[in-house]
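What follows is the residue order along each chain.
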Amino acid sequence: MTTDTEEPTLTIDELAARAGVTVRTVRFYGTKGLLPPPVLGPRRVGRYGREHLARLALIEELQHQGMTLAGIERYLRQLPPDLSAHDLAIHRAVVASWAPETVKRVTREELERRAGRALADEDVERLVAMGVVRPGDGEFEADLGLLRLGAGLLDVPLSPEAIFAARKVLLEHSRAAARELSQLFRGEVAERDARDVRSLSAHMHPLVVQALLTAFQRSLKEELGEWPAESPRETRPSRQSG
């Protein structure tokens, strides 16, 4: 697996398998300009990285929203060409928020395909702890809007307990923010026609989600920037022998 700062290491077959699409689809997106060209390595073999995987996930999400190929092309054309995998994931989160909650019963094979990766039993247990997946009779109930996000968290070195606690914090604060914003906007539209209220709600939803994501992203970046550059283990004085 690559990071934003690592060299692309995935072959086209590996990229397609991770994204849950065919090699033909990857090549088609490349010819349409939806996917940047790969980095040519030894023997002129194309190598793909996390940015390609994140862009494929964004394209898949746009398709789930019912967007046509032409619409997807227009959407991606408006994005800066050098967006990192992290930035693309933010865009995908915004797009996913437009859709209603989608919980679907899936097999283990379908769960892995939609997660974009193979899942060990321990991975599934962590997804259950996150509230993304619920086991059933030989199948799983999966929150498709959160599945990719949960799969990404599997590579983060956090315990299930820490992830569960983080989920609780996010839910509590997001509900509080939603409640306060709802009360604020309700006061603004109280005297308007019902049709105008519905239209305003439809327009405000993606805008508010984008604003919340942006504000939270910047706040989290500031908080993480205050962490010490060195870990406690590195700053701890070494013991003298004897």
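This is a predicted model, so every value here is computed, not measured. (Residues numbered from 1 in each chain as written. Predicted model: local features only at pLDDT ≥ 70, side-chain atom pairs only at ≥ 80, totals over all residues. Heavy atoms only, no water.)

Some thoughts on the environment of Gln63
Of note, Gln63 is situated in helix H3 (residues 50-64). With residues near it in sequence (within four places) discarded, Gln63 still touches Tyr29 and Ile72. (Helix = DSSP H or I, 4+ residues; strand = E, 2+ residues; numbered from the N terminus. Contact = heavy atoms within 4.5 Å.)

Regarding helix H1 (residues 12-19)
If you check which residues of H1 are buried, you get Ile12, Leu15, Ala16 and Ala19. Summarising the axial view, the buried residues of H1 lie within an arc of 95 degrees, below the 170-degree limit, and thus occupy one face. Of the exposed residues in H1, those oriented more than 90 degrees away from the buried face are Asp13 and Ala17. Taken from the residues just after H1, Gly20 is the one with a positive phi, measuring 75 degrees. (Buried < 20%, exposed > 50% of the residue type's maximum accessible area, 1.4 Å probe, protein only. Arc of directions from axis to C-beta.)

Points about the nonpolar core
Generally speaking, a soluble globular protein has its nonpolar side chains buried in company with each other. Counting 24 residues, the largest nonpolar core has Leu15, Val26, Leu58 and Leu76 as its most contacted members. Every element with two or more residues in this core is listed here: H1, helix H2 (23-32), H3, helix H4 (69-77) and helix H5 (85-97). For this core, the element with the highest residue contribution is H3, accounting for six residues. Setting aside anything within four residues of it in sequence, one finds Leu76 in contact with Leu34, Arg55, Leu58, Ile59 and Leu62. Formed by 16 residues, the second largest nonpolar core is a distinct cluster that contains Ala115, Val124, Met130 and Leu147. (Core = buried A, V, L, I, M, F, W, Y, C linked by side-chain atoms within 4.5 Å.)

Focus on the sheet that holds strand S3 (residues 103-106)
One open sheet holds the three strands; their spatial order is S3-S5-S4, and the pairing between them is antiparallel. Of all the strands in the sheet, the pair left with one neighbour each is S3 and strand S4 (133-135). Averaged over all adjacent pairs, the angle separating strand axes in this sheet is 20 degrees, with direction ignored. The sheet contact formed by S4 and strand S5 (residues 140-143) spans three bridges and is antiparallel. Considered in S5, the bridge of Val133 is made with Ala142. (Pairing = 2+ DSSP bridges. Axes fitted to C-alpha atoms, helices over the stretch in contact; angles between N-to-C directions.)

What to know about the layout of surface pockets
It is a probe the size of a water molecule, rolled over the atoms, that shows where empty space is left. Roughly 170 Å³ of internal volume is contained in the second largest pocket. Around the second largest pocket, the lining residues are Lys32, Gly33, Leu34, Leu35, Pro36, Arg55, Glu73, Leu76, Arg77, Leu79, Pro80 and Pro81. Looking at the lining of the second largest pocket, the element that brings in the most residues is H4, giving three residues. (1 Å grid on protein atoms, 1.4 Å probe; cavity = no way out; pocket = protein on both sides within 12 Å on 5 of 7 lines; lining within 4 Å. Points joined across faces, edges and corners; volume = space filled by probe spheres on them.)

Focus on the side chain of His52
Considering the arrangement of structural elements, one finds His52 in helix H3. Engagement of the side chain of His52 in a polar contact is seen with the backbone oxygen of Pro37, the distance being 3.5 Å. Residue contacts for His52: discarding those within four places in its chain leaves Leu15, Leu35, Pro36, Pro37 and Pro38. (Polar contact = N/O pair within 3.5 Å; in protein donor to acceptor, adjacent residues only side chain to side chain.)

Regarding the pattern of salt bridges
Two side chains carrying opposite charge are able to pair once their charged atoms lie near each other. Scanning the entire structure with this criterion turns up six salt bridges. Linking Glu141 and Arg105 is a salt bridge whose minimum nitrogen-to-oxygen distance equals 3.4 Å. Separated by 36 residues along the polypeptide, Glu141 in strand S5 and Arg105 in strand S3 bring together distant segments of the chain. Its relative accessible area of 24% is what places Glu141 among the partly exposed residues. You can call Arg105 partly exposed: its relative accessible area is 43%. A cluster of three or more residues bridged by salt bridges with shared partners is formed by Arg105, Arg134, Glu139 and Glu141. (Salt bridge = Lys/Arg side-chain N within 4 Å of Asp/Glu carboxyl O.)

Section: the pairing of S5
Pairing between S3 and S5: four bridges, direction antiparallel. Following the sheet pairing, Lys104 is matched in S5 by Ala142. Taken together, S4 and the strand that follows it, S5, pair antiparallel across an intervening segment of four residues, in which Gly138 is found at a positive phi of about 75 degrees.

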